[in-house]
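Close look at the chain arrangement
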Amino acid sequence: MSSNDPMTRVGRCFRDRFSTEPLVVATAPGRVNLLGEHIDHRDGVVLPFAIDRRAAIAVSPATEGRTTIISDDLGLTFECPGPPPGRPDPDAGFANHLLGVVDGLRSTGRLDFEPRPLSVAIASDLPAGGGLSSSAAIEVATGLAIAAIHDLPTPDVRTLAKVARRAEHDWVGTPCGIMDMLASAGGRAGRILAIDCGSLTLDELPAPSPDDFAFMLLDSGVRHRLADGGYASRLASLERVESVVGTSLKSASLDSLRTDSIDDVDRSRARHVITEMARVEAAVDALTRTDLARLGALMFQGHDSLRDDFGVSTPELDLLVEACRSRRGRGVLGARMTGGGFGGWVVALVERRSMKPVLHEVLDEFESRFDRRPELLEVRPSDGARIEATPGHPLSYPRRSEGA
Ligand code: GLA
């Protein structure tokens, strides 16, 4: 483990601030979504995978009767007398992600406990605001750690995800779906998840062999906040269309959108949802048959739909995807923006043997247009949230291997 690993940093940060060892350490990963964008809130099937970048949380009952939450990465210090407060605190800023989870375990998670005053440190190697679910990772890890510190049964994947989503909705004000939390809680090394966001069931599909293929992330450098309004306005469009067609978009057809009662913008938002659900079905088939050329083509089509119909791409993301598309046949199979959009990262599926020169050409093209060089990062499908250390098992709690 490197000295920069979030596990190492969270331990160091905790010891420096509280002069003792944490009792519980939990971690949870971010995620990349391969396909199925902006359909989790319509009960669609999505295809994310948890990645090998994680958020870590270290917790102990506080000795001085105050709750303290700190993070070196975020420059965060939250303090209050007694246990974590039971309602959102506008001054708490990022701490509301964690406080909302403590509260949610009792209401949504139906766990009966009296929160204790806590000493908490967090650390993460997930870039914030980049569409890689850095917030969901912290929330999911918090759910596991808080349950452990109060001697509660370990919450299952769905409970963790619901509690985390409630924190986003009610404590942070982000009207997100449930994909990010389910992927962070339920990820599996070497597997792409097929999550049905209606029934909240998770299937696993084989990821392309890491010996021959790689998932590369390219950073557009543009950062978003989903609480800013673009996400909510898309949801409002979809709700208006559903009320006109009289059914959920999951069971609507493209034909049903051909009515003057739907305005053009709303129609194109809904068209994205309906066509994306069909692309996911095709992608499940492609992954099952290891037809990666087909999977790649679906990724490009998914990007076009997010750009033209859903309106959540940016010129930076588009350039990266187009630069990848023009190198199809030279090792790039597919590329698309991943996550909520309005900035963030592009995910590209590439052949390992030819990716280096090709991706550098892509970065050169970006640099000559935008005057800066995007960060490039390989990610591997990885395991979901886990307890790393508990009182009886300091840092030796069973760990599934990282990576594929
Ligand atoms: C964000 C939200 C998710 C999902 C994606 C788009 O990541 O948190 O719930 O809607 O955008 O697919």
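Residues numbered from 1 in each chain as written. Predicted model: local features only at pLDDT ≥ 70, side-chain atom pairs only at ≥ 80, totals over all residues. Heavy atoms only, no water.

With that settled, the discussion passes to the pattern of salt bridges. This model, assessed by the stated rule, comprises 33 salt bridges. Between D73 and R9 there is a salt bridge, with its nearest N and O atoms 2.5 Å apart. Note that D73 is positioned in the loop between β4 (66-71) and β5 (76-81) and R9 in helix α1 (residues 6-18), a separation of 64 residues in sequence. Linked by salt bridges that have partners in common, D304, R307, D308, E322 and R325 make up one network. (Salt bridge = Lys/Arg side-chain N within 4 Å of Asp/Glu carboxyl O. Helix = DSSP H or I, 4+ residues; strand = E, 2+ residues; numbered from the N terminus.)

How two helices sit against one another is set out by the angle between their axes and by the gap between those axes. Look at helix α2 (residues 95-107) against helix α4 (residues 157-172): their axes get within 8 Å of each other, and the N-to-C directions meet at 120 degrees. Taken together, α2 and α4 sit at an angle that is classed as oblique. For the crossing formed where α2 meets α4, the hand is right-handed. Only V163, A164, R166, A167, E168, W171 and V172 of α4 make contact with α2, whose side of the interface consists of N96, H97, L99, G100, V101, D103, G104, L105 and S107. For the contact of α2 with α4, the residue count by class is eight nonpolar, five polar and three charged. (Axes fitted to C-alpha atoms, helices over the stretch in contact; angles between N-to-C directions. Parallel < 35°, antiparallel > 145°, perpendicular 65-115°, else oblique. Left-handed = near helix turned anticlockwise from the far one by under 90°. Contact = heavy atoms within 4.5 Å. Nonpolar A, V, L, I, M, F, W, Y, C, P; charged D, E, K, R; others polar.)

With that out of the way, let us pick up the side chain of D304. Looking at the secondary structure, you find D304 in helix α8 (residues 292-310). A polar contact of 2.6 Å, which involves the side chain of D304, links it to the side chain of R325. Those residues in contact with D304, other than ones at most four positions away along the chain, are D309 and R325. (Polar contact = N/O pair within 3.5 Å; in protein donor to acceptor, adjacent residues only side chain to side chain.)

What follows deals with the site of the ligand. Around the ligand, a shell composed of 13 residues is seen, among which E37, H38, D40, D180 and Y231 lie nearest. Within the backbone of G177, an N or O atom sits 2.8 Å from an oxygen atom of the ligand. For the ligand, an oxygen atom lies 2.5 Å from a polar atom in the side chain of Y231. When the ligand sits alone it has 300 Å² of accessible area, and the protein chains cover 97% of it. (Near = heavy atom within 4 Å. Areas by Shrake-Rupley, 256 points an atom, 1.4 Å probe, with all protein chains shown as cover.)

Here the focus is the environment of A194. Structurally, the position occupied by A194 is in strand β7 (residues 191-196). In the structure, A194 is positioned 158 residues away from G36 in sequence and 9.5 Å away in space, judged by C-alpha atoms. Excluding residues that lie within four positions of it along the chain, A194 makes contacts with V45, V46, L47, T201, L202, D203 and L205.

The next thing to look at is the packing of aromatic side chains. Taken as a whole and assessed by the stated rule, the structure comprises three aromatic pairs. Residues F49 and F215 carry aromatic rings whose centres are separated by 4.7 Å and whose planes lie at 35 degrees to one another, so their mutual orientation is tilted. Of the two residues, F49 sits in strand β3 (residues 48-61) while F215 sits in strand β9 (residues 213-219), which places them 166 residues apart along the sequence. Under the relative-accessibility criterion, F49 is labelled buried at 0%. (Phe/Tyr/Trp six-rings, centres within 6.5 Å; stacked < 30°, edge-to-face > 60°. Buried < 20%, exposed > 50% of the residue type's maximum accessible area, 1.4 Å probe, protein only.)

With five of its six residues buried, β4 lies for the most part within the structure. The pairing of β4 with β5 spans six bridges and is antiparallel. Across the sheet, I70 pairs through a bridge with T77, a residue of β5. Connecting β4 to the next strand, β5, in antiparallel fashion are four residues, including G75 with a positive phi near 60 degrees. Direction of pairing for β4 relative to strand β6 (residues 118-124): parallel, over a ladder of four bridges. Opposite I70, over in β6, you have A121 as the bridge partner. (Pairing = 2+ DSSP bridges.)

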